[in-house]
Amino acid sequence: MSDLDRAIAQLRACRLIPESQVRELCYKARELLIEEGNVVCVDAPVTICGDIHGQFHDLMELFRVGGDVPDTNYLFMGDFVDRGFYSLESFLLLLCLKVRYPDRITLIRGNHESRQITTVYGFYDECIRKYGSANVWRYCCEVFDYLALGALVLGASSGLEPTGPALETTSSTMSLDDSELETEVLNSRGEVTMSSYRPKQPRTDSPLLPSLSQDKSATSSTTQTPASSSMPPLRSGWAGTGATGDSSGSYATGTGAVLCVHGGLSPLIDSVDKIRLIDRKQEVPHEGAMCDLLWSDPDEIDGWGLSPRGAGFLFGGDIVKHFNYKNDLSLIARAHQLVMEGYKEMFDGGIVTVWSAPNYCYRCGNVASILELGEDASNGGTVARSNGDYGRSTGGAAGAAAVTRSPGRRYRVFEAAAQDTRGMPAKKPVADYFL
Amino acid sequence: MSASQIPNLNTLRRGGARLRGRGRGGGELGSDAPSRRGGSSTKDRVVQGTDNDASVSRLSAVNLGYLDDPFASALTPPGQETRRLPIINRGTYVRTTTIDHLLTQFLHPSTTPHRPDTDTPQRTPTTPTKSTIPTLLRPKPKQIISLGAGSDTRIFRLLAQTQTQTQTQPHPEQTIIYHELDFPSNTASKIRAIRAVPHLQRALGDPQTVTISPAADALHTPHYHLHPIDLRQLAALASSPPSRKGDLGNEGADLRLDTLLPGLDPTLPTVLISECCLIYLEPEEARRVVEFFVGVFDASVGEGKAEAGAGAGSGAGADGPPPTPPLGIILYEPIRPDDAFGRTMVANLATRGIQLQTLHRYASLAAQRARLRAHGFVDGQAAADVDFLWERWVAEGEKERVAGLEMLDEMEEWRLLARHYCVAWGWREGGGRQQHVFEGWRGLEGQQDED
């Protein structure tokens, strides 16, 4: 058993590793992360997770519900630390897993992965308390500076393979032969609690293009007959539909890429490529594109608005639709906002908030979720790998805009781990209230 | 509640000193449990401990610039200082400034909120003391009764304000008579703090006018009375109308209002404050505590008049039948226990041994308003949650200032928390000639829409 495996075993048991080992781990992690671009490309299948916030026992519950590493690929969208009582155990475990299985786990930066925020919200104090000095906090902050700002998930399938037995109370739109499972919600016991279907991608027997995975234009040229123009979707969820006023209803075969980012969009960023231009290896600035990506929130407004958080912006559905269309994205997945139900889709499914800290701060009473995107098996499992412009429309021969289909989405909803109350440090008040 | 459950005041008095080193939390609770007599007193200690929590939160908000309160650190137990999370600081800010604002509107109805110093000078210059000025020229004193006040600093801030005002402003001071009621252990530790800290003493004024009981748990000055009393004692008295002079119930044949709560003047315009206090009592007890005070300030109840108020030495002129004085109430407490956050709150506090006993009875803003109406605060009842108060009562510039102090990382969490606390206020102007003591409250915006 290597040192790393030993460290993983120890951290899984919620026991810290020695400071010297933390230093070594952080050094290795930095070497690894420095090679990653600002926007990491990740292949489906992958399980996307939101805020963890040091709720270690809930992170264990997440792995129980979503499958263990390396059996399941994970993408964590930041906010590993602060607020909960086990930021160190949680972040160091994730970091160990990253170093051990670099291709199986992706970590991107959240607004709490910052020196300034961690001194206010608990991680700094926790490091002092548990290690007796600020050294470990410093090592971790150096790692934060190297974390990617976003990720693109490629090759996600548009339909889901239905999961086993449904609960009696399952609410579901009807399943038809020519429909595919678009979303499915499961509880922590793996029972389906909700599912929705949409019409299947109309298929013509156009020749399967041999060079599909390399040929960008190929994907968009396999446009289909607009059979569905007379058959509205069972559920609105086609990202970008609204943006294509001249669309005659032609569809690309694949789903567009899924952009994952902690907070949201920035008025300074109109394309994924612009994210790639940021010099990210620094403390999170108070303003600017990098700050916005980590701080912004979607809201029911038009255009851009000021954020009540004091950093980042609010952005409306029109901004999301336009951004998704322009970048051939089928979905933006983000975290950053507490959602009582664990996840929340907005703007006709153009963006989703995934929240993975159940009973946040041991106080909020919310459930958590993770989002699974399946692998598109229709191309024999071949993933179109390009530099983020997978499926990008070339404008098409007839000028028809391609409409990307949103990926099939499986949400696993889970509650706070039972042992959490037992594991709570006794000397600290459980959660603050006004008394 | 059976009589046997009513703690004997004297027992509590003697037990007071021991409560100093108590800790909090479930662990210690368990170890205390075996002592049978402690069954209820353990619970009491936990409730008394909640005061500690509040004062630490106050100090945190003061240290970070949310509130200006020179007395916060003197009244927080040493070594407890800690930085609270931004949402807690913001909540403490809203809670404190809202109640301050309501009191300002009660004490100085014509003044601009938060800025008593902009008051227009009226009448003639006066000396700060109640000496030669004819009573007529001075505004009638106003009275505030704070239930379970604990280490609250408000009286010191008010007194300090009055002092600077009379030094700089050429108009007569608004005389305040302020009562704090709490467990003897809490009043005793407050008196210890006052004795130890010079600027607390200075705020109280002339040391000659300060008297402290032999047990060092009661304090009286012309403007400030610290009463060591278990509120349940008052609840028990509510059933027999608290005659202002005569007997107070059968059991306390000797107890009169002026021995029970010395200095309380039942003829003055008065506001009752419960800042997270009544909620710890059994619903029936909580109701009776308010009923007790409503009765004390009801001229039609009891026969003997006004004499009990003589202790305050204030302008209780008793020509003819004195009218029922104006009475208002301010409540600050949690609400909405039945959603996910509320259920978690109840469960979390239970692990600390804290039971919010009236929470379910007054679970909504509407229930709080109905509660005030039922108590006879017929001239107005309003309530608003802390989220609403932050959004609507805090001026934009001030909001910007406060928001700039610390970055809130999670707005949903703030709203969630803030929606589970409310301030409710109600009043009755009382009888006699037309009075407008609560005119200032009439224009304050309450929250109408309900869950």
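Rules of the game
Residues numbered from 1 in each chain as written. Chains lettered and ligands numbered in written order. Predicted model: local features only at pLDDT ≥ 70, side-chain atom pairs only at ≥ 80, totals over all residues. Helix = DSSP H or I, 4+ residues; strand = E, 2+ residues; numbered from the N terminus. Buried ≥ 20, exposed ≤ 12 C-beta atoms within 10 Å, placed from the backbone. Pairing = 2+ DSSP bridges. pLDDT = per-residue confidence, 0-100. Contact = placed C-beta atoms within 7 Å. Expected span 1.5 Å × (residues − 1). Axes fitted to C-alpha atoms, helices over the stretch in contact; angles between N-to-C directions. Nonpolar A, V, L, I, M, F, W, Y, C, P; charged D, E, K, R; others polar. Core = buried A, V, L, I, M, F, W, Y, C linked by C-beta atoms within 7 Å. Parallel < 35°, antiparallel > 145°, perpendicular 65-115°, else oblique. Left-handed = near helix turned anticlockwise from the far one by under 90°.

**Details of the overall build of chain A**
Line of reasoning, step 1. In terms of regular secondary structure, chain A is built from 12 helices and 19 strands.
Line of reasoning, step 2. For chain A, buried positions account for 53% of its 435 residues.

**Observations concerning the pairing of strand β5 (residues 150-154) of chain A**
Residue and element names in this part refer to chain A.
Line of reasoning, step 1. Across the 5 residues of β5, 5 count as buried, placing the element largely inside the fold.
Line of reasoning, step 2. Side chains G150, L152 and L154 project from β5 onto one buried face, and the interleaved A151 and V153 project onto a second face that is buried too.
Line of reasoning, step 3. By the bridge criterion, 5 bridges tie strand β1 (residues 39-43) to β5 in an arrangement that is parallel. Bridge pairing links V42 to V153 in β5.
Line of reasoning, step 4. Pairing between β5 and strand β10 (residues 257-261): 4 bridges, direction antiparallel. Each bridged residue has a counterpart across the sheet, and for V153 the counterpart in β10 is V258.

**Examining the confidence of the model for chain B**
All names here are of chain B.
Line of reasoning, step 1. For chain B, the mean per-residue pLDDT works out to 79, and 73% of the residues sit at or above 70.
Line of reasoning, step 2. A low-confidence stretch, residues 112-135 stays under pLDDT 50, and its non-local contacts, those more than four residues away or across chains, total 29 contacts.
Line of reasoning, step 3. Taken as a whole, residues 245-254 scores under 50 in pLDDT and shows 18 contacts with residues more than four places along the chain or in a different chain.
Line of reasoning, step 4. Note on the complex model: pTM 0.81, ipTM 0.80.

**Here we look at helix α4 (residues 86-107) of chain B**
Note that an α-helix has 3.6 residues per turn; residues three or four places apart therefore point the same way.
Line of reasoning, step 1. Taking 1.5 Å of rise per residue, 22 residues should cover 32 Å, and α4(B) covers 31 Å from first to last C-alpha, within 8% of that figure.
Line of reasoning, step 2. The buried fraction of α4(B) amounts to 20 of the 22 residues, a majority that puts the element mostly inside the structure.

**Some points on the sheet that holds strand β1 (residues 142-147) of chain B**
Residues and elements named next belong to chain B.
Line of reasoning, step 1. With mixed pairing, 9 strands are arranged side by side in an open sheet as β3-β4-β5-β2-β1-β6-β7-β9-β8. The strands lining the two open edges of the sheet, one partner per strand, are β3 (211-212) and β8 (380-385).
Line of reasoning, step 2. Relative to strand β7 (residues 327-334), strand β6 (residues 270-275) runs parallel, the two being bridged by 6 bridges. Opposite S274, over in β7, you have L331 as the bridge partner.
Line of reasoning, step 3. Lying over the sheet, helix α12 (residues 365-374) contacts β7, β8 and β9 (421-428), oriented at roughly 155° with respect to β8.

**Concerning the interface of chain A and chain B**
Size of an interface, as often reported, equals the accessible area lost when the parts are brought together.
Line of reasoning, step 1. Each partner contributes to the interface: chain A provides 27 residues, whereas chain B provides 32 residues.
Line of reasoning, step 2. Class assignment of the residues belonging to the side of chain A that touches chain B gives a composition of 17 nonpolar, 7 polar and 3 charged.

**Things to note about the confidence of the model for chain A**
Residues and elements named next belong to chain A.
Line of reasoning, step 1. Put simply, chain A has an average pLDDT of 83, and 75% of its residues get 70 or more.
Line of reasoning, step 2. Predicted confidence for residues 204-253 stays below pLDDT 50, and this span has 114 contacts to residues more than four positions away or in other chains.
Line of reasoning, step 3. Confidence over residues 381-402 falls short of pLDDT 50; this stretch has 60 contacts with residues more than four positions distant or in other chains.

**Focus: the nonpolar core**
Line of reasoning, step 1. Judged by nonpolar contacts, the single largest core of 227 residues is most densely connected at A:I48, A:V153, A:V258, A:C260 and B:V423.
Line of reasoning, step 2. The contact partners of A:C260, leaving out residues within four places of it in the chain, are A:I48, A:L75, A:M77, A:I108, A:G150, A:A151, A:V153 and A:A333.

**Quick look at the packing of α4(B) against helix α13 (residues 386-393) of chain B**
Residue and element names in this part refer to chain B.
Line of reasoning, step 1. Look at α4 against α13: their axes get within 10 Å of each other, and the N-to-C directions meet at 70°. By the criterion of interaxial angle, the relationship of α4 to α13 is roughly perpendicular. Of the two elements, α4 crosses α13, and the hand of that crossing is left-handed. Together, G91, V94, R95, T98 and H101 of α4 and V386, L389, W390 and W393 of α13 make up the contact between the two elements.
Line of reasoning, step 2. Tallied by class, residues from the contact of α4 with α13 come to 5 nonpolar, 3 polar and 1 charged.

**Things to note about the sheet that holds strand β16 (residues 351-354) of chain A**
All names here are of chain A.
Line of reasoning, step 1. Here 6 strands make up an open sheet; going across it, the order is β1-β5-β10-β14-β16-β15 and the pairing mixed. In the strand order of this sheet, the two ends are held by β1 and β15 (343-346), each with one partner. Neighbour-to-neighbour, the strand axes of this sheet turn through a mean angle of 20°, independent of strand direction.
Line of reasoning, step 2. Two elements, β10 and strand β14 (residues 329-334), share 5 bridges in a ladder whose sense is parallel. Across the sheet, C260 pairs through a bridge with A333, a residue of β14.

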